[in-house]
Amino acid sequence: VVTYSILIEATCEENGADQALKLLDEMMTRGCSPNVVTYNILINGFCKEGKLDEAAKLLKDLPSIGCQPNVITHNILLQGLCNAGRWEDAQKLLSDMAEAGCSPSVATYNILIHYLCQIGRLEQAIGVLKEMVVRGCTPDATSYNPIIHLFCKEGRLDRAMECLDQMISKGCLPTIVTYNTLLTTLCRDGKVDQAIHVLHRLGHQGCHPVLITYNTMIKGLTKKGNTRQALELLDGMMERGLTPD
RNA sequence: ACCUCAUAUG
């Protein structure tokens, strides 16, 4: 079943999910039973092609085929619906999920937060963040990053920095993406000194600057006319084994 | 073997 599932995934990517269904038939003919992973792969294939109704139908039919959908099955469809902006259908899926006794995972909430932030619904996104905690899911950096990004986009750098402090105080480790988001905004706003300060501190949270980090900082410094310090950073990045582009 | 992939520079 693993062999066939891998092949079905590759077929989805190269020839589409409809073609992959033929391979599903073949595996069953040969006496090999697909499992939930096999079906998840197919549902994901349909979603990636925008064939959401096909994906939804397959999910709905699973129990009668003798396969119980799991949280990943639902997350896959949820992501597809969000990408298509079908928020109502996404809500419906969440309630179906609850009804089926399938508990949301961190990824479930992250998909929702990311979507809400993309469409600028900051308050709703924060609502989901709070709800996941109540429901026993611990937010991770993927939960916080889109919210920080939206704060930055809306010119609320203060709230973004607050959010960073909050995640750290709750024991959630920021990633370099978190810092790149903040550094970009600091540099754009001309607050390069503060950016430098943050750059020097991100190592304390287990993060390491990457190429994007340096390009952002160097841009910020040169914009301020501080070419000397920009050149120092160039040396610094090469010392760390990073190749300038 | 399956779901989140988010951040720049130009």
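Scroll up to find the structure.
In what follows, the accompanying structure is described. (Residues numbered from 1 in each chain as written. Chains lettered and ligands numbered in written order. Predicted model: local features only at pLDDT ≥ 70, side-chain atom pairs only at ≥ 80, totals over all residues. Heavy atoms only, no water.)

Focus on the pattern of salt bridges
Charged atoms that come close allow side chains of opposite charge to pair.
Logical step 1: Throughout the structure, instances matching the rule amount to 11 salt bridges.
Logical step 2: The closest approach of N and O atoms between Asp 89 and Arg 86, which form a salt bridge, is 2.8 Å.
Logical step 3: On the accessibility criterion, Asp 89 (34% relative accessible area) is partly exposed.
Logical step 4: In this structure, Lys 92 engages Asp 96 in a salt bridge whose closest nitrogen and oxygen atoms are separated by 3.1 Å. Within this pair, Lys 92 and its partner Asp 96 are both found in helix H6 (residues 87–99), separated by 4 residues, close to a single helical turn. (Salt bridge = Lys/Arg side-chain N within 4 Å of Asp/Glu carboxyl O. Buried < 20%, exposed > 50% of the residue type's maximum accessible area, 1.4 Å probe, protein only. Helix = DSSP H or I, 4+ residues; strand = E, 2+ residues; numbered from the N terminus.)

Let's talk about the protein's contact with RNA strand B
Logical step 1: As a matter of local geometry, RNA strand B sits amid 28 residues, with Asn 40, Asn 75, Asn 180, Thr 216 and Lys 219 nearest to it.
Logical step 2: Counted by atom, the contact set of RNA strand B within 4 Å of the protein is 51% sugar and phosphate.
Logical step 3: Note that a base oxygen of RNA strand B is positioned 2.6 Å from one of the side-chain N or O atoms of Asn 75.
Logical step 4: In the model, a phosphate oxygen of RNA strand B is placed 3.1 Å from a nitrogen or oxygen of the Gln 79 side chain.
Logical step 5: At the level of elements, helix H1 (2–15), helix H3 (36–48), helix H5 (71–83), helix H7 (106–118), helix H9 (141–153), helix H11 (176–188) and helix H13 (211–223) are the ones that each hand at least two residues to the surface near RNA strand B.
Logical step 6: The element best represented in the surface near RNA strand B is H11, accounting for 5 residues.
Logical step 7: For the surface near RNA strand B, a count of residues per class yields 9 nonpolar, 16 polar and 3 charged. (Near = heavy atom within 4 Å. Polar contact = N/O pair within 3.5 Å; in protein donor to acceptor, adjacent residues only side chain to side chain. Nonpolar A, V, L, I, M, F, W, Y, C, P; charged D, E, K, R; others polar.)

Notes on a positive patch on the surface
Logical step 1: On the surface, Arg 188, Lys 219, Lys 223 and Lys 224 cluster together into a patch of positive charge.
Logical step 2: With respect to the secondary-structure elements, Lys 219 resides in helix H13.
Logical step 3: For Lys 219, a relative accessible area of 55% gives the class exposed. (Patch = residues over 30% accessible without salt bridge, like charges linked within 9 Å, V, L, I, M, F, W, Y side chains within 5 Å. Areas by Shrake-Rupley, 256 points an atom, 1.4 Å probe, with all protein chains shown as cover. Lys, Arg positive; Asp, Glu negative; His and termini not counted. Charge placed at Lys NZ, Arg CZ, Asp CG, Glu CD.)

Focus on the side chain of Asn 75
Logical step 1: Its place among the elements puts Asn 75 in helix H5.
Logical step 2: A polar atom in the side chain of Asn 75 sits 2.6 Å from the side chain of Thr 108.
Logical step 3: Beyond its immediate chain neighbours, meaning those up to four positions away, Asn 75 contacts Met 97, Ser 105, Ala 107, Thr 108 and Ile 111. (Contact = heavy atoms within 4.5 Å.)

Considering the packing of aromatic side chains
Logical step 1: According to the stated counting rule, one finds 1 aromatic pair in the structure shown.
Logical step 2: Residues Trp 87 and Tyr 115 carry aromatic rings whose centres are separated by 5.4 Å and whose planes lie at 25° to one another, so their mutual orientation is stacked. One end of the pair, Trp 87, is in helix H6; the other, Tyr 115, is in helix H7, with 28 residues separating them in the sequence.
Logical step 3: Of the residues examined, Tyr 115 reaches a relative accessible area of 9% and is grouped as buried. (Phe/Tyr/Trp six-rings, centres within 6.5 Å; stacked < 30°, edge-to-face > 60°.)

Observations regarding a nonpolar patch on the surface
Logical step 1: Together, Val 1, Val 2 and Ile 6 make up an exposed nonpolar region whose accessible area comes to about 260 Å².
Logical step 2: Among the structural elements, Val 2 can be located in helix H1.

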